[in-house]
Amino acid sequence: MPASAPFGRVTTAMVTPFDDDGGLDLDGAAALTEHLIERGCDGLVLSGTTGESPTTSDAEKDALLRAVVDTAKGRIKVVAGVGTYDTHHSVDLARSAEKAGADGLLVVTPYYNKPPQEGLVRHFSAVADATGLPVMLYDIPGRSGVEIANETLYRLAEHDRIVAVKDAKGDIFASSEVMARTGLAYYSGEDALNLALLTHGAVGVVSVVAHVAAREYAQMTRAVDSGDLARALRLHRQLIPAVRAIMTRTQGAIMAKAAVQALGVIPSRQMRSPLLPATDEQVEQLRADLSEAGVL
């Protein structure tokens, strides 16, 4: 068992339910929260990429967070995505999330403006200084345009409230170096690499596929903990069709939302432009893939 998993072991990067007209569906969010807890999640990340955070207002983010916190009632960790490409805006969102009852903050690398590494240090530190909540950095250069360099992570690890990394960099050796040299808790942020990162010392996953496979990922983490890598590998291979279905056919949020609608958890798979809801043909293929993985 890892010494510290500050945001749970199987944390879902949760979709944000909308009604058919594109409005925030708080009843759907509550139902989805309950479903994910029942399926084995011990953490949720709200208002991340999968939560369509670029298209929700600050007021909607606050309402969503409060609805999920109220539903969870302390049973799991609820982490609020507060990262933007504007440090002052991110600080404001962090303070609002603390008031709304979040257990932690997810702060993505500022995107689009491609700051230098010193700018990243100052940005992340400012957000971490703004509240008393623990912070998970989100390293995803494929979306942000810039990676968090290892030397930057070594510096940030010295901050008392920067405690974890959601790793979607795709460089397992670089991640291994940081895990070896710091006390940062690593979470796999790329479902295709969940098993690989767990075997290198990650404490858990922040997963999109956990919308349908939280039980299996919980079993995988326990298998790695106990040294039963053969069982962990079987689970990894079982879930390949689910990962393929949700993460490779189109944008992951689109298929994750379609999946929980297919399970009857939320009534609509509506997305906000520029994302589009899954087509009927995509949903048919999704059902086939999830059935092959044994999770539908």
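Under an unreviewed UniProt entry, the name given to the chain is 4-hydroxy-tetrahydrodipicolinate synthase, and the organism recorded is Phytoactinopolyspora mesophila. Turning to the chain, the UniProt record has this under Sequence similarities (unreviewed entry): "Belongs to the DapA family." According to the UniProt record, the Catalytic activity (unreviewed entry) comment for the chain reads "L-aspartate 4-semialdehyde + pyruvate = (2S,4S)-4-hydroxy-2,3,4,5-tetrahydrodipicolinate + H2O + H(+)".

Undergrad: Explain the pattern of salt bridges residue by residue, including any values.
TA: Taken as a whole, this structure holds 14 salt bridges when the rule is applied. Measuring nitrogen to oxygen at the nearest pair gives 2.7 Å for the salt bridge that ties Glu-52 to Lys-257. Residue Glu-52 is found in the loop between strand S2 (43-46) and helix H2 (58-72), and its partner Lys-257 is found in helix H12 (residues 252-262); the two are separated by 205 residues along the sequence. Judged by relative accessible area, Lys-257 falls into the buried class, the value being 0%. One salt bridge in this structure joins Arg-244 and Asp-289, with 3.5 Å as the shortest N-O distance. Note that Arg-244 is positioned in helix H11 (residues 240-247) and Asp-289 in helix H13 (residues 280-293), a separation of 45 residues in sequence. What you see here is one network of salt bridges that share partners, running through Arg-244, Arg-249, Asp-289 and Glu-292.

Undergrad: Describe the UniProt feature "site: Part of a proton relay during catalysis" (unreviewed entry) in the chain, naming the residues involved and giving the relevant values.
TA: Under the UniProt annotation, the feature "site: Part of a proton relay during catalysis" (unreviewed entry) is placed at Thr-49 and Tyr-112. A stretch of 64 residues holds the annotated residues, and the largest C-alpha distance among them is 14.1 Å, short enough that they meet in one place. Inspection of the secondary structure assignment puts Thr-49 in the loop between S2 and H2. On the basis of relative accessible area, Thr-49 is assigned to the partly exposed category, the value being 27%.

Undergrad: Give me the packing of aromatic side chains: which residues, what numbers.
TA: Under the criterion given, the structure shown has three aromatic pairs. Geometrically, the ring pair formed by Phe-7 and Tyr-187 is tilted, given 6.3 Å between the ring centres and 50 degrees between the ring planes. With Phe-7 in the segment before strand S1 (10-13) and Tyr-187 in strand S7 (residues 185-188), this pair connects stretches of sequence that are 180 residues apart. The same class applies to Phe-7 and to Tyr-187, which are both buried.

Undergrad: I'd love a proper account of the sheet that holds S1, names of residues and values included.
TA: Around the barrel, which closes on itself, the eight strands sit in the order S1-S2-S3-S4-S5-S6-S7-S8 with parallel pairing between neighbours. Averaged over all neighbouring strand pairs, the angle between strand axes comes to 25 degrees, with direction disregarded.

Undergrad: Pulling in residues and values, what's your account of the environment of Met-255?
TA: Take Met-255: it is sitting in helix H12. In this structure, the C-alpha to C-alpha distance between Met-255 and Ser-273, residues 18 residues apart in sequence, is 15 Å. Setting aside residues up to four positions removed in sequence, Met-255 forms contacts with Ala-245, Ile-246, Thr-250, Ala-278, Gln-282 and Leu-286.

Undergrad: Any chance you could break down the pairing of strand S4 (residues 104-108) for me, citing the residues and the numbers?
TA: The element S4 is extensively covered by neighbouring structure, given that five of its five residues are classed as buried. Of the two faces of S4, the one holding Gly-104, Leu-106 and Val-108 and the one holding Leu-105 and Val-107 are both buried throughout. Pairing between strand S3 (residues 77-81) and S4: three bridges, direction parallel. Looking at the pairing, Gly-81 lines up with Leu-106 of S4. Crossover handedness for the path S3 to helix H3 (residues 87-100) to S4: right-handed. In this sheet, strand S5 (residues 135-139) lies alongside S4 in parallel orientation, the contact comprising four bridges. By the bridge assignment for S5, Leu-105 is matched with Val-135.

Undergrad: How would you explain the packing of H12 against H13 if you had to name every residue and give the values?
TA: Any two packed helices are characterised by the angle at which their axes cross and by the distance between the axes. One way to put it is that H12 packs onto H13 with a least axis distance of 10 Å and a crossing angle of 75 degrees. Looking at the two axes, H12 sits roughly perpendicular to H13. Contacts between H12 and H13 pair Met-255, Ala-258, Ala-259 and Ala-262 from the former with Gln-282, Val-283, Leu-286, Arg-287 and Leu-290 from the latter. When the residues that make up the contact of H12 with H13 are grouped by side-chain class, the tally is seven nonpolar, one polar and one charged.

Undergrad: Lay out the UniProt feature "binding site: pyruvate" (unreviewed entry) in the chain with the relevant residues and their values.
TA: Under the feature "binding site: pyruvate" (unreviewed entry), the UniProt entry names Thr-50 and Val-206. Taken together, the annotated residues stretch across 157 residues yet fold into one region, lying no more than 10.9 Å apart by C-alpha. Position of Thr-50 among the secondary structure elements: in the loop between S2 and H2. Owing to a relative accessible area of 11%, Thr-50 belongs among the buried residues under this scheme. Here Thr-50 is in contact with Ala-13, Met-14, Val-15, Thr-16, Val-208, His-211 and Ala-253, once residues within four sequence places are set aside.

Calculation notes
Per chain, the residues get numbers from 1 upward, laid out in the order the sequence is written. Local features are withheld for residues below a pLDDT of 70 in this predicted model, meaning they are given only at 70 or higher, and side-chain atom pairs are given and counted only at 80 or more; totals for whole chains, interfaces and linings count all residues. Each side-chain value is derived from all of the structure's non-hydrogen atoms; neither hydrogens nor water enter the calculation. UniProt positions are given in the numbering used here, feature names are shortened, and annotations may be inferred rather than shown by experiment. Counted as salt bridges are all cases of a side-chain nitrogen of Lys or Arg within 4 Å of a carboxyl oxygen of Asp or Glu. Helix and strand labels come from DSSP, where a helix needs a run of H or I of at least four residues and a strand needs a run of E of at least two; each type is numbered from the N terminus. Exposure categories follow from relative accessible area, calculated using a 1.4 Å probe and restricted to protein chains: below 20% of the type maximum is buried, above 50% is exposed, and the middle band is partly exposed. Any Phe, Tyr or Trp ring, taking Trp's six-membered ring, that has another such ring centre within 6.5 Å forms a pair; planes under 30 degrees apart are called stacked, those over 60 apart edge-to-face, and the others tilted. One bridge is not enough; two strands pair if DSSP finds at least two bridges between them. Fitted lines through C-alpha atoms give the axes, limited to the stretch in contact for helices. The angle between two N-to-C directions lies from 0 to 180 degrees. When checking whether two residues touch, look at their non-hydrogen atoms; a contact exists if any pair is within 4.5 Å. Note on handedness: a crossover is taken as right-handed if, strands pointing away from the viewer, the path from the first strand over the helix to the second is clockwise. Here the angle decides the label: under 35 degrees means roughly parallel, over 145 means roughly antiparallel, 65 to 115 means roughly perpendicular, and every other value means oblique. Each residue gets one label: Ala, Val, Leu, Ile, Met, Phe, Trp, Tyr, Cys and Pro are nonpolar, Asp, Glu, Lys and Arg are charged, and the others, such as Gly, are polar.

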